[in-house]
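Take a look at the letters that make up each chain.
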Amino acid sequence: MSREERERLEAKEQRKNPGGILNSAMTRAMTGSPDGGCLIHILSLIMIIVAVLIVKACSGC
């Protein structure tokens with residue numbers, strides 16, 4: 001499957017399921033394989049930091 005076809009299918013799936021964007025970004029962040037540019041790296045890092053902060057806040061309650 002070519003990269004263009006994969007991106008087209010991902011875009012189609014994201015239109016059907018808006019939550020898929022978050023799920024896709026989280027999966028890329030966890031596997032360490034973002035296929036975008038610098039913005040994807042930054043967003044992945046921010047998502048991981050937010051997740052850690054949420055866990056710390058909840059465990060301190």
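Now for a look at the structure at hand. Quantities reported herein were computed from a predicted structural model and do not represent experimental measurements.

Observations concerning the overall build of the protein
A count of helices and strands for the protein gives three helices and zero strands. Listed by position from the N terminus, the elements making up the protein come as α-α-α. The buried share of the protein, taken over its 61 residues, is 8%. Of the roughly 4,900 Å² of accessible surface on the protein, a fraction of 66% belongs to carbon and sulfur atoms.

Here we look at the environment of leucine 22
By secondary structure assignment, the location of leucine 22 is in helix H2 (residues 19-31). Judged by its relative accessible area of 56%, leucine 22 falls in the exposed class.

As for the side chain of serine 44
Summarising the element assignment, serine 44 is placed in helix H3 (residues 38-59). Ignoring anything within four residues of it in the chain, the contact list for serine 44 reads Ala25 and Ala29.

Things to note about the pattern of salt bridges
All told, the structure shown has one salt bridge when counted by the stated rule. Glutamate 7 serves as the salt-bridge partner of arginine 3, at 3.1 Å between the closest nitrogen and oxygen. Separated by four residues within a single helix, arginine 3 and glutamate 7 lie in helix H1 (residues 3-16), roughly one turn from each other. Judged by its relative accessible area of 42%, arginine 3 is partly exposed. Residue classification places glutamate 7 among the partly exposed positions, given a relative accessible area of 38%.

Reading guide: rules and limits
- Residues numbered from 1 in each chain as written.
- Predicted model: local features only at pLDDT ≥ 70, side-chain atom pairs only at ≥ 80, totals over all residues.
- Heavy atoms only, no water.
- Helix = DSSP H or I, 4+ residues; strand = E, 2+ residues; numbered from the N terminus.
- Buried < 20%, exposed > 50% of the residue type's maximum accessible area, 1.4 Å probe, protein only.
- Areas by Shrake-Rupley, 256 points an atom, 1.4 Å probe, with all protein chains shown as cover.
- Contact = heavy atoms within 4.5 Å.
- Salt bridge = Lys/Arg side-chain N within 4 Å of Asp/Glu carboxyl O.

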